[in-house]
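# Fold and contact review
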Amino acid sequence: MKTWQDKEEFKRLFTEKAYRLWEKELQELTLNEVYQTIAYMIRDLVSEDWIRTNQSYAAKKVKQVYYFSIEFLMGRLLESNLLNVDMDNICRDGLKDLGWDLEDVIPAERDPGLGNGGLGRLAACFIDSLAALSLPGHGNSIRYQYGLFNQRIVDNQQVELPDNWLSKGYPWEVKKVDKAVYVRFGGNAYMRPTGDGHLECVHEQFSTVKAVPYDVPIIGCHNDTVNTLRLWRAEYSREEVYKELSMGDRHRAFRYKDSVQQISRFLYPDDSTEDGRRLRLMQEYFFVSAGVQSIVRHYKQKYGESIYRFAQYVAIHINDTHPALVIPELMRIFMDEEGLSWQSAWEITVRTVAYTNHTILPEALEKWSIPMFKDLLPRIYLIIEEINNRWLQEVRRRYPGDENKARDVAILWDGQIHMAHLSVLGSHSVNGVAEIHSQILKDSTLHQFYTCFPQRFSNKTNGISHRRWLIEANPKLASLIDDTIGDKWRKTPARLSELMAYKDDASFKEQLAKVKTERKEWLARYIKDKYNQDIRTDSIFDIQIKRIHLYKRQTLNILHILHLYFLLKDNPSMKITPRTYLFGGKAAASYGEAKETIRLINVVSHMINSDRTVNQQLKVLFLENYNVSLGQMLFPAADVSEQISTAGKEASGTGNMKFMMNGAITLGTMDGANVEIHRLIGDDNCVIFGLRADEVMNYYVRGGYSSWKMYSSDPEIRRLMDALVDGTVGGDYFGLLYESFLEKNDEYFVLKDFKAYCEAQKEIAKRYGNKSDWLRASVVNIAQSGYFSSDRTIEQYANDIWHLKPSKHD
Ligand code: CR6
């Protein structure tokens, strides 16, 4: 790995580079130009390693994994890459001499908004771990011109502004024009006999879209590995435009150009709820087909092995079902282009592909209408139809007369294509993302498939990159840990458990408290600057940051805050432990209840923050535009981590792990990875409340819950519900939420869990009162968080699913 020898060399190279890039005096550079200059310098450092990494994978013919995900929520790369190449100090010192502070330069990088939430961030942590572990693995996705919207709060409401993240250029990407491929849409496809008794497919009158890759280096931490995140951009093909023009149809030519440019223009703002239809399907096939074609081409060129050995060298992972068309696309290439039989093509496909499910919410399981699909992807449709026919034949043979079984496992049913079913059938491995979630998949969501292929199912509990979420986000905590147990945990995060020996060490706990306070002060300054609000750093920082969704129950949190407010107003002399409640998260633009939740939080926040009789004890704030970078500021400052989804609904969660690693105490339900957090640290070190997943399930199946009954029998709940519609809360009206709690019988059991949540909040306050015990719990959380490093998760994927080995170049 190339490095800068010292700060003098850094300064010399910086000056040269900056002149060449910007053609101006150093003093005139904007912070963004400074950031870009350093980014290009890092690119120079790693370019040789990037080339060598690829050469050596090909030369040694190692197996490689391609992680297909419709989102990669990368966050800023400047700081993490400086840490990865171990040049952060030289860069900081050099910049200082030149008159800049690295801490001012870092925020000049815009977060690429190429993801919605957990699923996209997970993909980013995974490719970080792959590179850190010297594993041959790459990402494949779309280069959206506009990321998820930027969120502003105007009049208490969310307003969505376009996120034109590329406007100033993106120094980390390299456009590879020569690696473009062509993707086909539309036209007619049919089978015709070849004359020798076989059938071949004819696909005609399709239109072609050019897919151009932009590669981003994924730099391993202190090793020489540089893997690739390949992002595809759609361009129109000139030939296609000329063809239309030469036939005299200008309108068709324009329509074609326009529809092509749409493909990689926007990231869809749906996080577990359904949204865009036809265009979304085009996006999915676009990046899948481009990715698969380039993998096959590379395999043939560089590996020179028979296509029959494909699965020996290539693993393709599909992150949820958005890339599930990998399965029929591989079939298409193997049969139509490589001339394989159906049987061989299917065997290789299944051995190549592995699938992770990320949700059991029925509305989030992808389904496509057959007529639309057929129209857009006729050849792919024929393949899916054949997969379905063969599969149902087999099912009917295995379970004669059992039409229920056939219905439960069909890919085509009710005029729709069921993508989760296609994914399970076309993969050799299916996993959930936390133990409880994987169990629910086996027991209910995919139960019928589980009975057919029990050996395919496994669990891989999610993880987070401890490099980004601890070392980068909380450097003082990281060095305190170094000073205490040495720095081996940085490479082997499981060794954080050595901190257990310090859970009763007064001096260590004191230093930990100091680090936490500093981070709370830093956040308080940010809030003062941006929102002109004073928050007390001796209050409990209680934080809920995640997408806004009814099942995540931000409503439960805000209703409890309103309840505390009522208590304080009714009893003016009452004293509570001072609390600061912070919220952050985006609502899908079309999700009425989620947007109303944001409005409720903001209205309550104004009411409380401006009321002098309570605002010394209670503060509430909604922080706008929650993203990776804001997260890096919030997790280290938290005392309490709100993980309060309805049990059984949150597949895993990963924010819970980020809080834990930074020493916050979880206040949560027995859901997702909270279950495993709780098992690792025990009741003393987290606060668990509420219905369990089986109880929730029982109510759904057997009934027996009436939110109206709660309303009539519990005066506190009645008061809160009435407040939503009678103007008590800022004179505003919250009809959708009222309806969801009462008219729709409170599908997510907010009222049912309300009492238990109030008790849990009291328990938090009580524990916070005992400083030494609180700090002990904080130490235990950090010490046990090593399990949740994505390095552990990726090792499990590599060993159990991909059968991948680390590979270093010379
Ligand atoms: N919304 C799950 O809901 C999980 C992540 C990553 C989610 C969440 O519990 O932690 O995936 N699911 O596995 C989907 O996006 C479909 C999410 O982020």
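Residues numbered from 1 in each chain as written. Predicted model: local features only at pLDDT ≥ 70, side-chain atom pairs only at ≥ 80, totals over all residues. Heavy atoms only, no water.

Another aspect to go through is the overall build of the protein chain. What the protein chain contains, in helices and strands, is 33 helices and 23 strands. Computed over C-alpha atoms, the radius of gyration of the protein chain comes to 27 Å, within 12% of the 28 Å expected from 2.2 N^0.38 for 810 residues, which places it in the range of a compact globule. On the principal axes, the C-alpha backbone points of the protein chain span a range of 95 × 75 × 55 Å. Residues classed as buried in the protein chain amount to 62% of the 810 residues present. Counting contacts in the protein chain only where the partners sit at least 6 residues apart, residues at least 24 apart contribute 77% of the total. (Helix = DSSP H or I, 4+ residues; strand = E, 2+ residues; numbered from the N terminus. Rg over C-alpha atoms; globule rule 2.2 N^0.38 Å. Buried < 20%, exposed > 50% of the residue type's maximum accessible area, 1.4 Å probe, protein only. Contact = heavy atoms within 4.5 Å.)

Pairing within the open sheet is parallel, and its 6 strands lie in the order β20-β19-β18-β21-β22-β23. Every other strand in the sheet has two partners, leaving β20 (618-623) and β23 (687-688) as the edge strands with one partner each. Note: strand β18 (residues 540-545) against strand β21 (residues 640-643), 2 bridges, orientation parallel. Residue pairing for β21: D542 is matched across the bridge by V640. Contacts between helix α21 (residues 506-531) and the sheet are confined to β18, β19 (579-584) and β20, with β20 contributing the most and set at about 70 degrees to the helix. (Pairing = 2+ DSSP bridges. Axes fitted to C-alpha atoms, helices over the stretch in contact; angles between N-to-C directions.)

Residues in close proximity to the ligand total 15 residues, the closest being L119, H358, N462, E650 and G653. Between the ligand and the protein, one listed contact pairs an oxygen atom with a side-chain N or O atom of H358 at 2.6 Å. At a separation of 3.3 Å, an oxygen atom of the ligand approaches a polar side-chain atom of Y551. If the ligand stood free it would expose 400 Å²; the protein chains cover 95% of that surface. A per-class count over the shell around the ligand returns 5 nonpolar, 7 polar and 3 charged. (Near = heavy atom within 4 Å. Polar contact = N/O pair within 3.5 Å; in protein donor to acceptor, adjacent residues only side chain to side chain. Areas by Shrake-Rupley, 256 points an atom, 1.4 Å probe, with all protein chains shown as cover. Nonpolar A, V, L, I, M, F, W, Y, C, P; charged D, E, K, R; others polar.)

Turning our attention to helix α9 (residues 278-303). Between its terminal C-alpha atoms α9 stretches 36 Å, which fits the 38 Å expected from 26 residues at 1.5 Å a residue. With 19 of 26 residues buried, α9 lies mostly within the body of the structure. (Expected span 1.5 Å × (residues − 1).)

This part takes up the nonpolar core. Counting 278 residues, the largest nonpolar core has W4, F14, I38, M721 and W802 as the members making the most contacts within it. A per-element tally of this core places α9 first, with 12 residues. Those residues in contact with W802 that sit more than four places away from it in its chain are K63, V65, Y67, L130, A315, H317, I794 and Y797. (Core = buried A, V, L, I, M, F, W, Y, C linked by side-chain atoms within 4.5 Å.)

A word on the side chain of N781. With respect to the secondary-structure elements, N781 resides in helix α32 (residues 771-784). The exposure class of N781 is buried, given its relative accessible area of 0%. Leaving out residues up to four positions away in the same chain, N781 has contacts with M660, A664, I665, I681 and N685.

Turning our eyes to something else, we now look at the packing of aromatic side chains. Tallying each qualifying case throughout the model produces 32 aromatic pairs. Summarising the aromatic geometry, the rings of W469 and F635 are spaced 5.4 Å apart at their centres and angled 85 degrees between planes, so their arrangement reads as edge-to-face. One end of the pair, W469, is in helix α19 (residues 466-472); the other, F635, is in the loop between α24 (628-634) and β21, with 166 residues separating them in the sequence. For F635, a relative accessible area of 1% corresponds to the buried category. An angle of 55 degrees between the planes, with centres 6.0 Å apart, marks the rings of Y699 and Y705 as tilted. In this structure Y705 comes out as buried when scored by relative accessible area, which is 10%. One aromatic cluster in this structure is built from Y67, F72, F126, Y797 and W802. (Phe/Tyr/Trp six-rings, centres within 6.5 Å; stacked < 30°, edge-to-face > 60°.)

Within this structure, the stated rule accounts for 0 disulfides. We note that C221 lacks a disulfide partner, and the nearest cysteine sulfur, in C125, lies 14 Å from it. (Disulfide = S-S within 2.5 Å.)

Here the focus is the sheet that holds strand β15 (residues 416-418). Taken together, 3 strands build an open sheet; the order of strands is β13-β15-β14 and the sheet is antiparallel. Two strands in the sheet have a free side with no partner beyond their single neighbour: β13 (367-369) and β14 (412-413). Here β13 runs beside β15; their pairing, made up of 3 bridges, is antiparallel. Its bridge partner being in β15, S369 is matched across the sheet by Q416.

Residues V154, V159 and L161 make up a contiguous nonpolar surface patch of roughly 200 Å² in combined accessible area. For L161, a relative accessible area of 35% puts it in the partly exposed group. (Patch = residues over 30% accessible without salt bridge, like charges linked within 9 Å, V, L, I, M, F, W, Y side chains within 5 Å. Salt bridge = Lys/Arg side-chain N within 4 Å of Asp/Glu carboxyl O.)

Of all the 6 residues making up strand β2 (residues 137-142), 6 are buried; the element is thus mostly covered by neighbouring parts of the structure. Taking every second residue as pointing to the same face, both faces of β2 are buried, with G137, G139 and S141 on one and H138, N140 and I142 on the other. Examined bridge by bridge, strand β1 (residues 64-68) and β2 share 4 bridges and lie parallel to one another. Note that in β2 the partner of F68 across the bridge is N140. Bridging between β2 and strand β10 (residues 226-236) involves 4 bridges; their strand directions are parallel. Of the residues in β10, the one forming a bridge with G139 is L229.

The end-to-end C-alpha separation of helix α31 (residues 754-769) is 23 Å, in line with the 22 Å expected for 16 residues at 1.5 Å each. All buried positions along α31 are accounted for by F754, Y757, C758, A760, Q761, I764, A765 and Y768. Projected down its long axis, α31 shows its buried positions confined to an angular sector of 160 degrees, all on one face. Exposed residues pointing more than 90 degrees away from the buried face of α31 are listed as K762, K766 and G769. (Arc of directions from axis to C-beta.)

Each regular strand shows side chains that alternate between the opposite faces of the sheet. Within β19, 6 of the 6 residues are buried, leaving the element largely enclosed by the surrounding structure. Alternating positions in β19 separate into two faces, R579, Y581 and F583 on one and T580, L582 and G584 on the other, with burial throughout. Here β18 pairs with β19 via 6 bridges, running parallel. Bridge pairing links Q544 to F583 in β19. Chirality of the crossover, the property in question, places the unit of β18, helix α22 (residues 554-570) and β19 among those that are right-handed. Both β19 and β20 contribute to a ladder of 6 bridges, which runs parallel. Note on β20: the bridge partner recorded for L582 is L621. (Right-handed = clockwise from strand over helix to strand, strands pointing away.)

This part covers the environment of Y268. Note on placement: Y268 falls in the loop between α8 (250-263) and α9. A residue is classified by how much of its surface remains accessible, and Y268, at 14% relative accessible area, is buried. Considering only alpha carbons, one finds Y268 and W469, 201 residues apart in sequence, at a separation of 26 Å.

Moving on, we get to the environment of D482. Its place among the elements puts D482 in helix α20 (residues 475-485). Each residue touching D482, except ones within four places of it in the same chain, is listed here: D487, W489 and R490. A distance of 2.8 Å separates a polar atom in the side chain of D482 from a polar atom in the side chain of R490.

Two numbers describe how α20 lies on α21: the axes approach to 9 Å, and their chain directions differ by 165 degrees. Here α20 lies roughly antiparallel to α21, going by the angle between them. The handedness of the crossing between α20 and α21 comes out as right-handed. For the pair α20 and α21, contact is made by P475, K476, L477, L480 and T484 and by F508, Q511, L512, V515, E518 and R519, respectively. Tallied by class, the residues present in the contact of α20 with α21 amount to 6 nonpolar, 2 polar and 3 charged. (Parallel < 35°, antiparallel > 145°, perpendicular 65-115°, else oblique. Left-handed = near helix turned anticlockwise from the far one by under 90°.)

By themselves these figures say nothing about function.
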